[in-house]
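The residues making up each chain are set out below.
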Amino acid sequence: MNPAVQQLLTLAAVLLGAAASFTATTLVERSKWRRQYSTRWDDKRLSAYAEYATALKSCAQLSYRIAATRGCPAGALPVDLEEGLAALADAENERATKWETVLLLGSPAAVDAGRRWHETVWKLSWVARGKTMSHDDFIGLYHAIGAKRDEISVHARADPDVRSGRLPLPDRDWLPPADRELRG
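Residues numbered from 1 in each chain as written. Predicted model: local features only at pLDDT ≥ 70, side-chain atom pairs only at ≥ 80, totals over all residues. Heavy atoms only, no water.

Can you help me understand the overall build of the protein in this one?
Scanning the protein from terminus to terminus reveals five helices and zero strands. The order of α-helices and β-strands along the protein, N terminus first, is α-α-α-α-α. For the protein, buried positions account for 28% of its 184 residues. For the protein, the accessible area works out to roughly 11700 Å², and carbon and sulfur atoms hold 58% of it. (Helix = DSSP H or I, 4+ residues; strand = E, 2+ residues; numbered from the N terminus. Buried < 20%, exposed > 50% of the residue type's maximum accessible area, 1.4 Å probe, protein only. Areas by Shrake-Rupley, 256 points an atom, 1.4 Å probe, with all protein chains shown as cover.)

Is there a simple way to explain a nonpolar patch on the surface in this structure?
Taken together, the side chains of Met1, Val5 and Leu9 present a nonpolar region at the surface, about 330 Å² in accessible area. Checked against the element boundaries, Val5 lands in helix 1 (residues 3-69). (Patch = residues over 30% accessible without salt bridge, like charges linked within 9 Å, V, L, I, M, F, W, Y side chains within 5 Å. Salt bridge = Lys/Arg side-chain N within 4 Å of Asp/Glu carboxyl O.)

Would you mind showing me how to read empty space enclosed by the protein here?
Gaps between atoms show up when a probe of the same size as a water molecule is rolled over them. A full pass over the atoms with the stated rule returns one cavity of 30 Å³ or more. Size it by volume and the largest cavity reaches roughly 40 Å³. The wall of the largest cavity is formed by Leu56, Cys59, Glu92, Arg95, His118, Val121, Trp122 and Ser125. Secondary-structure elements contributing two or more residues to the lining of the largest cavity are helix 1, helix 2 (81-105) and helix 3 (108-128). In the lining of the largest cavity, the residues fall into four nonpolar, two polar and two charged. (1 Å grid on protein atoms, 1.4 Å probe; cavity = no way out; pocket = protein on both sides within 12 Å on 5 of 7 lines; lining within 4 Å. Points joined across faces, edges and corners; volume = space filled by probe spheres on them. Nonpolar A, V, L, I, M, F, W, Y, C, P; charged D, E, K, R; others polar.)

Mind showing me how you'd approach the packing of aromatic side chains here?
Given two aromatic rings, one states the distance between the centres and the angle between the planes to describe the pair. Under the defined criterion, the tally for this structure stands at four aromatic pairs. Centre to centre, the rings of Tyr64 and Phe138 are 6.5 Å apart; their planes meet at 80 degrees, and the pair counts as edge-to-face. Residue Tyr64 is located in helix 1, and its partner Phe138 is located in helix 4 (residues 135-158); the two are separated by 74 residues in the primary sequence. Assigned by exposure class, Tyr64 and Phe138 land together as buried. Taken together, the ring pairs connect Tyr64, Phe138 and Tyr142 into an aromatic cluster. (Phe/Tyr/Trp six-rings, centres within 6.5 Å; stacked < 30°, edge-to-face > 60°.)

In this structure, what is going on with helix 3? I would like to understand it.
Residues spaced three or four apart along an α-helix point in a common direction, a consequence of the helix completing one turn every 3.6 residues. With 21 residues, helix 3 should reach 30 Å at 1.5 Å per residue; the first-to-last C-alpha distance of 30 Å fits that figure. Inspection of helix 3 places Ala110, Val111, Ala113, Gly114, Trp117, Thr120, Val121, Leu124, Ser125, Val127 and Ala128 among the buried residues, and these make up the whole buried set. Of the residues trailing helix 3, Gly130 is marked for its positive phi of about 115 degrees. (Expected span 1.5 Å × (residues − 1).)

So what exactly am I meant to see when it comes to the nonpolar core here?
One finds Tyr64, Val102, Val121, Leu124, Phe138 and Ile145 to be the most contacted residues of the largest nonpolar core, which totals 32 residues. Only helix 1, helix 2, helix 3 and helix 4 provide two or more residues apiece to this core. Considering each element in turn, this core owes the most residues, ten residues, to helix 1. Among residues more than four places away in sequence, those in contact with Val121 are Leu56, Cys59, Ala60 and Ile145. (Core = buried A, V, L, I, M, F, W, Y, C linked by side-chain atoms within 4.5 Å. Contact = heavy atoms within 4.5 Å.)

So what exactly am I meant to see when it comes to the environment of Val127 here?
Secondary-structure assignment places Val127 in helix 3. A residue is classified by how much of its surface remains accessible, and Val127, at 1% relative accessible area, is buried. With eleven residues separating them in the primary sequence, Val127 and Phe138 have C-alpha atoms 8.7 Å apart. Leaving out residues up to four positions away in the same chain, Val127 has contacts with Ala67, Arg70, Cys72, Met133 and Phe138.

What is the right way to read the pattern of salt bridges from this model?
Where charged atoms from two side chains of opposite charge approach closely, those side chains can pair. Following the criterion strictly, the structure yields eight salt bridges and no others. Asp42 is paired through a salt bridge with Arg45; the nearest N and O atoms lie 2.4 Å apart. One end of the pair, Asp42, and the other, Arg45, are both in helix 1, three residues apart, so they sit about a helical turn from each other. Each member of the pair, Asp42 as well as Arg45, is classed as buried. Close ionic contact of Glu151 with Arg116 constitutes a salt bridge, the shortest N to O distance being 1.8 Å. With Glu151 in helix 4 and Arg116 in helix 3, this pair connects stretches of sequence that are 35 residues apart. A relative accessible area of 22% places Glu151 in the partly exposed class. Three or more residues are tied together by salt bridges with common partners; here these are Asp112, Arg116, Lys148 and Glu151.

Here you go:
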């Protein structure tokens, strides 16, 4: 074989190998970057959901305690009314701040479920602020808050594709023991 042709074939093979190597490396790096990008946003979404849930849970717990102070069957430790209402106002500000992150990063289903959970906790805060409610209505609200919390958990877990399965349904009544005894 002619030495010039042999050198051209060698050069072509080197160029083809370099192009294949470049293409493969580019595809692998692009895939790696996308995985890291996706993981970073999944982490931020999970953090946003967790922080919002914690803030809303604080609002609910304070509302239960204030409701207990007002004589409702909340099964919670009563709290000084003035201090409790001030703490509730602070907790609601914190919840509102955390909600903005959920609105920015959350899936539509999780945002919708978060709104429904917030609405039920908001009704509880009305009781904390002095709205009267029957025992049965209060118990129904208690059940609704637990169900709505579970609903957002399902959507928040599905958003970053948490694959550990669905959370088990509670095997007990949502009511605190003191309220179960009152209801009979």
